[in-house]
Amino acid sequence: MSDDITFKKNSAYGSVSWVAERLGLSKSRFIKKKKTFEAEGFPTPDHLTGVYHKADVDAWIDNRRRIPDANVVMFPGPKERTEVKLDAL
């Protein structure tokens, strides 16, 4: 794998080995399940380069999330601030 240049950070495309590692699978397991993944919308290799566009793979992974990021407000803006009405106590 050390000679697989698609593992480099500046590479926009990834090999089958890169995809398998990104998914947390062995290469042989990914190859076995490739058709199942594609049936679930997994990107196919680029027809010109023969390898996978990394952003497409990452987008597919992101779209499979079940729990979205929480919208956390660290410091409320002017509209979110609530005033304490002391005379109401």
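Residues numbered from 1 in each chain as written. Predicted model: local features only at pLDDT ≥ 70, side-chain atom pairs only at ≥ 80, totals over all residues. Heavy atoms only, no water.

Asker: Honestly, the packing of aromatic side chains in this entry has me stumped. Any pointers?
Answerer: Each aromatic ring pair is characterised by the separation of its centres together with the angle its planes make. Taken as a whole and assessed by the stated rule, the structure comprises seven aromatic pairs. Ring geometry for Phe30 versus Tyr52: centroids 6.2 Å apart, planes at 75 degrees, classification edge-to-face. Here Tyr52 lies in strand β2 (residues 52-53) and Phe30 lies in helix α2 (residues 27-39), a separation of 22 residues in the sequence. Ring geometry for Phe37 against Trp60: centres 5.7 Å apart, planes inclined by 85 degrees, an arrangement best described as edge-to-face. With a gap of 23 residues between them, Phe37 in helix α2 and Trp60 in helix α3 (residues 54-63) connect regions that are remote in the sequence. For the pair Phe37 and Trp60, a shared accessibility class is recorded, and that class is buried. (Phe/Tyr/Trp six-rings, centres within 6.5 Å; stacked < 30°, edge-to-face > 60°. Helix = DSSP H or I, 4+ residues; strand = E, 2+ residues; numbered from the N terminus. Buried < 20%, exposed > 50% of the residue type's maximum accessible area, 1.4 Å probe, protein only.)

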